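# Analysis of the macromolecular model
One letter stands for each residue in the lines below.
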Amino acid sequence: MKISRRDVLIGGAASLAAVSACARAQQSNEIVIGALYPLSGANAAGGVDARHTLETAADVINTSMDLDLPLAKSAGLAGLGGAKVTVLYADHQSDPQKGRAEAERLITQKRVAALIGAYQSSVAASVSQTAERYAIPFMAAEVSSPSLHRRGLKFFFRAAAHDEMFSKAMFDFFDLLRKKGKKIETLSLFHEDTIFGTDSAMTQIKLAGERGYKITADIKYRANSPSLTAEVQQLKAAHADVLMPSSYTTDGILLVKTMAELGYKPQAIVAQAAGFSEDSLYGAVGDKVEGLISRSSFSLDLAAKRPSVGKVNELFKARSGKDLNDYTSREFMALLILADGIDRAKSTDGDKIRQALAATNLPGERTIMPWKQVKFDETGQNNDADPVLLQYVKGKFVTIFPVQAAVAEPIWPMNPATPGKMGQTAS
Amino acid sequence: MTAETILQSLLSGLLTGLMYALIAVGLSLIFGLMDVVNFAHGEFLMAAMYATLGLTLVLAIDPILSAPLIAALMFAFGALVYAGIIRFAMRARTNVGMVQIFSTFGLAILMRGLAQFFFTPDYRSIQHAWTSGRTFSVGGVYLPLPQIVGALVSAAAFGGLFLLIKRTDFGKALEATREDAGAVALVGINRNRVFMLGWGLGSALVGLAGAVMAMFFYIYPDVGASFALIAYVTVALGGFGSVFGALAAGVIVGLVEAITAMLVPPSLKSVGIYAVYLAVVFFRPRGLFGSM
Amino acid sequence: MRTPSFARRRGASITWAAVIAAVIALLPLFVTDVYTQNILVLTLMFAALSQSWNILSGYCGQISLGHALYFGLGAYVSTILFTKFGIIPWIGMVAGGALSASIALALGYPCFRLRGHYFTIATVVIAETGYLLFLNWDWVGAALGIQIPIRRDSWLLFQFPRDKIPYFYFALALACATWLVTWIFEDSKWGYCWRAVKDNPEAAESLGVVVFHSKMAAAAVSALFTSIAGSFYAQFVGYIDPESVMAFQFSLLMALPAVLGGIGTLWGPALGALILIPLNELVRSYLGGSGAGIDLIIYGLLIIMISLARPEGLVSLFTRRKLPALTG
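Residues numbered from 1 in each chain as written. Chains lettered and ligands numbered in written order. Predicted model: local features only at pLDDT ≥ 70, side-chain atom pairs only at ≥ 80, totals over all residues.

Let us now look at the packing of helix 9 (residues 243–263) of chain B against helix 10 (residues 269–283) of chain B. Residue and element names in this part refer to chain B. Orientation of helix 9 relative to helix 10, taken along the N-to-C sense of each, is 130°, at an axis distance of 7 Å. Comparing their axes, helix 10 and helix 9 come out oblique. Judged by the twist between their axes, the crossing of helix 9 over helix 10 is right-handed. Within the contact between the two elements, helix 9 uses I252, V253, V256, E257, I259, T260 and A261 and helix 10 uses K269, V271, G272, I273 and V276. (Axes fitted to C-alpha atoms, helices over the stretch in contact; angles between N-to-C directions. Helix = DSSP H or I, 4+ residues; strand = E, 2+ residues; numbered from the N terminus. Parallel < 35°, antiparallel > 145°, perpendicular 65-115°, else oblique. Left-handed = near helix turned anticlockwise from the far one by under 90°. Contact = placed C-beta atoms within 7 Å.)

So, in structure tokens, the structure goes:
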């Protein structure tokens with residue numbers, strides 16, 4: 001097959017022309033929201049899950065369901081004449097520049113009313129800047145970097161918690177256990193070296209210092225390392241009371257396997273979710289982490305008290321084959337809250353939606369989350385998005401903290417204390 | 001840092017290094033034979049891992065037993081890739097090397113896309129292999145069974161490869177073609193056939209590595225990327241085209257990685273490997289045992 | 001040795017270049033869609049990047065897959081000087097360029113004794129080392145990266161929150177500059193030297209010192225322009241982190257347009273960028289939303305097909321005969 005020079009020139013010109021000409025006419029009874037996620041590359045699993053979640057949420061909005069959630073009971077957005085919500089998905093491939101390009105495309109060509117995303121904080125930073133410039137609201141669904149809401153953006157909103165809130169929950173839990181007489185003095189941190197791990201470790205080190213816990217090892221490792229033997233050895237040598245990993249799924253699986261291979265059974269593991277909230281990790285190494293504790297935004301136990309939780313979980317499971325977890329639950333609520341803002345604004349004008357969102361006042365019972373309420377402060381952050389701690393017991397997650405949400409007492413320690421050398425001092 | 005810790009690090013590094021060697025040797029073979037960089041080498045590893053997972057799920061064969069079968073499948077796959085893509089890429093009159101890089105780069109992207117399409121990006125594992133979760137403890141030093149098996153397979157593969165190259169006609173044809181691809185036609189060796197079989201052999205070796213790794217590593221479409229860079233550095237360190245070089249370099253890389261992690265924050269452990277590579281080629285510009 | 005036909009061809013190519021540049025310069029009048037403008041800016045930037053890569057790797061034959069190091073250095077130097085010391089990016093660009101060129105020279109000393117793939121792997125590991133160092137260096141933000149405060153339109157601060165046109169013209173200027181430098185090199189002492197080295201490295205050994213100096217010159221020039229593009233990119237995107245400006249993927253992306261278009265040729269990189277970059281962007285945008293990997297499948301297939309259909313590079317479509325070897 002020979003490509004001629006004409007083919008090349010025609011092809012190049014045609015693609016550029018096609019792009020310029022592309023601008024879909026906006027249907028009047030449709031509200032379009034742009035979703036930016038990594039849909040290919042190393043983080044595609046998270047992006048694909050997000051797609052399932054947002055489709056589920058769009059269903060809840062667009063069809064009439066008997067659930068005590070915003071926009072569930074009506075079909076579509078009543079404030080805009082029953083308009084249906086359509087989500088357009090764009091792949092940012094974990095690159096902030098591509099995220100920006102896709103955001104611009106969605107805003108200028110597809111005329112989206114709002115943006116939602118983005119799984120990675122670096123891309124969310126870039127996309128939210130773009131949204132700000134075009135006066136389009138951006139709802140941060142599950143990105144947790146504490147710096148995101150502190151950049152003075154007016155169109156940035158985050159209904160879920162950020163890393164400082166998550167880590168605070170973990171340390172509140174430690175304080176509670178200490179008061180009950182459990183021995184928790186030393187911690188070892190195990191975190192990957194990208195934004196997530198770095199942010200997480202920073203907040204944990206700060207809180208440990210403030211609350212009097214000693215860090216005997218601060219192991220920063222290269223994400224997606226082929227081998228973690230050396231790192232786990234150092235954790236083992238540090239012999240801390242609690243191991244606190246901040247890892248994605250791949251590293252989480254490797255960490256657990258390597259710990260088992262090297263005969264390291266920490267007394268307790270309290271994880272910063274991420275990989276430790278994913279089905280695939282427990283599918284791979286669940287038998288080795290009985291009793292592991294992870295922070296989470298979501299607690300399936302809540303279904304016993306709140307029917308909407310169970311029903312939404314069923315809807316999601318039908319699409320994805322998995323239960324809702326820390327990530328997907330946040331994404332689900334994010335779309336609902338965003339659409340609710342648009343509904344109350346009764347308009348697709350960016351400023352009006354922004355005002356409506358800023359006025360959000362949603363009681364926690366009307367969400368699927370263990371949150372107190374949804375109310376955005378002047379930086380766009382919801383400070384009442386209370387996290388929970390879950391413990392992995394016999395194949396299920398059991399809520400053990402805070403006390404109001406707990407359905408069981410925590411099993412502590414996860415593994416019996418082994419006699420060993422005291423850890424080295426923190427580096 | 002106790003003697004026990006150091007010994008554990010070194011032994012783990014050795015086992016890991018033997019795996020790196022096995023992953024790298026296929027690449028080195030193809031390099032040496034026809035001066036081609038297979039940019040899709042990591043994806044070949046990924047394909048082998050998925051194939052192993054598939055066989056385990058569908059036929060309930062343990063990865064140890066299916067390893068030879070995977071090697072055979074990958075042999076066929078490699079030969080096919082040569083016949084379907086590389087052979088045409090080598091027809092370029094100029095920039096032959098770069099064109100091969102480009103076409104194998106395209107192949108790498110294609111394979112990742114296909115993997116994502118067929119298997120979704122979810123992470124998978126083989127739960128109940130015979131070796132799963134078993135580990136020997138000797139005097140406080142832990143040696144996990146999957147890694148031991150991996151090291152043994154690697155050693156056996158290298159042994160077999162030496163025999164193949166030194167003792168068989170095919171091996172001699174391989175060497176001859178490597179030395180002077182232009183002249184071999186004069187002695188009746190079909191160059192194309194040797195290249196195709198060479199690709200097959202190189203792919204079979206990385207197939208073995210994939211089958212072994214599927215026993216203890218997670219599997220997803222991008223898994224090859226983490227190993228590709230180490231494979232290339234290992235091959236270059238040992239010397240392109242040198243089978244023994246791949247073995248020696250793999251072991252060195254594994255050990256250096258383990259030692260570096262003891263001395264600097266683990267997130268920088270690869271820098272040790274890179275420093276060693278640069279130091280070696282400064283004194284031996286063709287790697288440790290390279291002759292090209 | 002300059003034959004009359006050679007001189008004529010050189011005159012023709014620079015005339016063509018001027019015409020094409022003028023036509024491109026008029027594009028913003030017709031292209032008002034922001035997304036398309038973005039693609040144009042990226043295409044021009046990669047044309048410039050690939051052309052400067054081409055100087056070292058195409059003409060000089062030392063294939064580098066570690067150029068992301070210079071790109072990243074350019075981005076970081078100008079950004080740090082701006083965010084921490086208030087120095088305008090134009091000066092930062094020059095500083096970054098000077099630093100990158102110096103590092104290229106310093107690395108050239110030990111590295112140019114390496115040949116072929118050994119050299120390439122050396123460039124890869126050096127770039128990876130740089131990447132890891134920046135990823136772990138808190139003062140430059142480590143993994144968190146650096147955000148550039150872009151508040152208002154300003155040529156002095158080289159920042160434009162919404163307008164892509166100024167970036168477009170800068171990228172065009174950079175692409176023209178790198179093209180011009182290549183054009184000058186082609187008919188220079190260095191250029192002849194490189195061709196000699198590429199055609200017959202052993203015979204060129206007798207040129208000894210001259211070869212070495214020519215490679216150093218190529219490396220420095222190549223690093224300089226790559227670095228400037230990096231500073232440009234930082235101002236264009238407004239946020240940098242090691243992953244987005246120093247990772248191996250970027251080194252690869254700089255080389256591919258030249259390989260596709262025709263390595264070691266004057267027009268190859270630009271032609272390659274014209275095809276590859278819009279293709280990459282459009283396939284991702286219009287086919288990537290499903291998460292099923294369709295965009296990767298299509299992109300991969302296209303790359304394979306193009307590389308097989310035209311192994312010498314697309315520029316061979318436009319040359320009537322092979323460029324003559326100027327050494328005789």
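At the junction of A:G117 and A:A118, the peptide bond is cis and its omega measures out at 0° in the coordinates. Tracing the chain through its elements places A:A118 in the loop between strand 3 (114–117) and helix 4 (121–133). Here A:W412 and A:P413 are connected by a cis peptide whose omega angle stands at 5°. Following the sequence through the fold, A:P413 ends up in the segment after strand 14 (396–401). Residues other than glycine seldom take positive phi values, yet A:L71 does so here, at roughly 70°. Residue position: A:L71 is located in the loop between helix 2 (44–62) and strand 2 (84–91). Phi at C:F158 takes a positive value of approximately 50°, unusual for a residue other than glycine.

Below, the discussion takes up the interface of chain A and chain B. Accessible area lost upon the coming together of the parts serves often as the stated size of an interface. Listed per partner, the contact involves 31 residues of chain A and 30 residues of chain B. For the side of chain A that touches chain B, the secondary-structure elements that each account for two or more residues are helix 2, strand 7 (214–221), helix 7 (229–238), helix 8 (249–261) and helix 9 (279–285) of chain A. Per-element tally for the side of chain A that touches chain B: the top contributor is helix 8 of chain A, with 7 residues. Classifying every residue of the side of chain A that touches chain B gives 14 nonpolar, 11 polar and 6 charged. (Nonpolar A, V, L, I, M, F, W, Y, C, P; charged D, E, K, R; others polar.)

Quick look at the sheet that holds strand 3 of chain A now. Residues and elements named next belong to chain A. Across the sheet, which stays open at both edges, the 5 strands sit in the order 2-1-3-4-5 with parallel pairing between neighbours. In the strand order of this sheet, the two ends are held by strand 2 and strand 5 (156–158), each with one partner. The sheet shows a mean angle of 25° between the axes of neighbouring strands, taken without regard to direction. Strand contacts of helix 2: strand 1 (30–37) and strand 2, with the helix running at about 170° to strand 2, the strand carrying the most contacts. Strands strand 1, strand 2 and strand 3 of the sheet are contacted by helix 3 (residues 96–108), whose axis makes an angle of about 175° with strand 1. (Pairing = 2+ DSSP bridges.)

Turning to the sheet that holds strand 7 of chain A, a few remarks are in order. Residues and elements named next belong to chain A. Strand order in the open sheet made by the 3 strands is 7-6-8, with parallel pairing throughout. The open sheet has two edge strands, strand 7 and strand 8 (242–246), and neither has a second partner. Within this sheet the neighbouring strands show an average axis-to-axis angle of 15°, counted without direction. In terms of strand pairing, strand 6 (residues 186–192) meets strand 8 through 5 bridges, oriented parallel. In the sheet register, L187 faces strand 8, and the bridge partner there is V242. Against the sheet, helix 6 (residues 195–211) touches strand 6, strand 7 and strand 8, its axis set at about 165° to strand 6.

All names here are of chain B. Their axes nearest at 8 Å, the elements helix 1 (residues 3–34) and helix 8 (residues 223–238) cross at an angle of 65°. Relative to helix 8, the crossing made by helix 1 is right-handed. Seen from helix 1, the contacting residues are Y20, A21, I23, A24, L27, S28 and F31; seen from helix 8, they are F227, I230, A231, T234, V235 and G238. The residue inventory of the contact of helix 1 with helix 8, partitioned by class, reads 10 nonpolar, 3 polar and no charged.

Moving on, we get to helix 8 of chain A. Residues and elements named next belong to chain A. With 13 residues, helix 8 extends 18 Å between its outermost C-alpha atoms, agreeing within 8% with the 18 Å of an ideal straight helix rising 1.5 Å per residue. Of all the 13 residues making up helix 8, 13 are buried; the element is thus mostly covered by neighbouring parts of the structure. Two residues or fewer past helix 8, G263 is found with a positive phi of approximately 70°. (Expected span 1.5 Å × (residues − 1). Buried ≥ 20, exposed ≤ 12 C-beta atoms within 10 Å, placed from the backbone.)

To continue, consider the environment of B:F283. All names here are of chain B. Secondary-structure assignment places F283 in helix 10. You can call F283 exposed: it has 7 C-beta atoms within 10 Å. The sequence separation of F283 and G150 amounts to 133 residues, and the corresponding C-alpha distance is 32 Å.

Quick look at the interface of chain B and chain C now. If you look at the interface, chain B gives 41 residues, while chain C gives 32 residues. Mapped by element, the contributors of at least two residues to the side of chain B that touches chain C are helix 3 (63–89), helix 4 (96–119), helix 8 and helix 10 of chain B. Considering every element that reaches the side of chain B that touches chain C, the biggest residue donor is helix 4 of chain B, with 15 residues. Residues of the side of chain B that touches chain C, tallied by class, amount to 28 nonpolar, 9 polar and 4 charged.

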